Amino acid sequence: MPRFGGGAPKCKRCEKSVYAAEELKALGFVWHKTCFKCSGCEKRLESGKEVEHDEKPWCKNCYGKRFGPKGVGGGATAGCLQTSEEGKSSSKYKNTNQPAKQLNLGTQEKCVFCEKTVYAAEKLIVLNKIFHKTCVKCKGCSKVMSPGDVLEHENDIYCKHCYNREFAPKGVGFNMSGASFSSYKR
């Protein structure tokens, strides 16, 4: 491309200045390395591995699909042409290989508290239930607890203080401080 005012050459794709560090020459033009992409799939191309059509770069696969003969492989293969009888029959070449391991996303564990997916790094098992570390909270005061400090009542978890306040036996000698004895009347 012509240089204007002695400046850097312009990129064929974006028409901005191309400096030496980012310059790629291909198809008789200057490109930014990041602008030299297939006109079909936008995959970055390496100089010398492209195919040109109407002064645009194409990867070999997209070029074959768009401009090559229509045959076996959807145009990517220019070898044998397909006849109407061949198109109706199934291929005698089948892939009999099974994947070694399949990813099953349907068995992800859910937090009992927030019902969101629990991943291994954030997983805590408390009272045989799965929680996020931050979801192990006292129902009474919302304090985040460690697994050893948890007490359960009717499927809810409590810290020791709230559990004693709500569910421990009440009366003389139970859950009362020494100051409470002075106000006790017979």
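Residues numbered from 1 in each chain as written. Predicted model: local features only at pLDDT ≥ 70, side-chain atom pairs only at ≥ 80, totals over all residues. Heavy atoms only, no water.

Colleague: How should the pairing of strand β1 (residues 23-26) be read in this particular structure?
Modeller: Where a strand is regular, its side chains alternate between the two sheet faces. Side chains of β1 alternate between two faces, with Leu24 and Ala26 buried and Glu23 and Lys25 left unburied. The sheet contact formed by β1 and strand β2 (residues 29-32) spans 4 bridges and is antiparallel. Counted as the bridge partner of leucine 24 is tryptophan 31 from β2. The turn linking β1 back onto β2 is made up of 2 residues, and leucine 27 within it adopts a positive phi angle of 55°. (Buried < 20%, exposed > 50% of the residue type's maximum accessible area, 1.4 Å probe, protein only. Helix = DSSP H or I, 4+ residues; strand = E, 2+ residues; numbered from the N terminus. Pairing = 2+ DSSP bridges.)

Colleague: Mind showing me how you'd approach the side chain of threonine 117 here?
Modeller: By the element assignment, threonine 117 lies in the loop between α2 (84-88) and β5 (123-126). With a relative accessible area of 16%, threonine 117 lands in the buried category. Of note is the side chain of threonine 117, whose polar atom sits 3.2 Å from the side chain of lysine 110. Not counting the four nearest positions on each side in its chain, threonine 117 is found in contact with Gln108, Glu109, Lys110, Glu122 and His132. (Polar contact = N/O pair within 3.5 Å; in protein donor to acceptor, adjacent residues only side chain to side chain. Contact = heavy atoms within 4.5 Å.)

Colleague: Explain the nonpolar core to me, please; I cannot follow it from the model alone.
Modeller: Soluble globular proteins tend to bury their nonpolar side chains together. In this structure, Val126, Phe131, Val136, Cys138, Met145, Val150 and Ile157 are the most contacted members of the largest nonpolar core, which totals 15 residues. Put simply, the parts of the chain that give this core at least two residues each are β5, β6 (129-132) and β8 (156-158). (Core = buried A, V, L, I, M, F, W, Y, C linked by side-chain atoms within 4.5 Å.)

Colleague: I keep staring at the packing of aromatic side chains and nothing clicks. Help me out?
Modeller: The relative placement of two aromatic rings is captured by the distance of their centres and the angle of their planes. Evaluation of the coordinates by the stated rule reveals 5 aromatic pairs. With 5.1 Å between their ring centres and 75° between their planes, tyrosine 158 and phenylalanine 167 make a pair best called edge-to-face. Tyrosine 158 gets classed as buried once you look at its relative accessible area, which sits at 8%. Taking relative accessible area as the criterion, phenylalanine 167 reaches 29% and is therefore assigned partly exposed. Joined through ring pairs, the aromatic side chains of Trp58, Tyr63 and Phe67 make up one cluster. Across the ring face of phenylalanine 29, the terminal group of lysine 12 is positioned such that the distance to the ring centre comes to 4.6 Å. (Phe/Tyr/Trp six-rings, centres within 6.5 Å; stacked < 30°, edge-to-face > 60°. Lys NZ or Arg CZ within 6 Å of the ring centre and 35° of its normal.)

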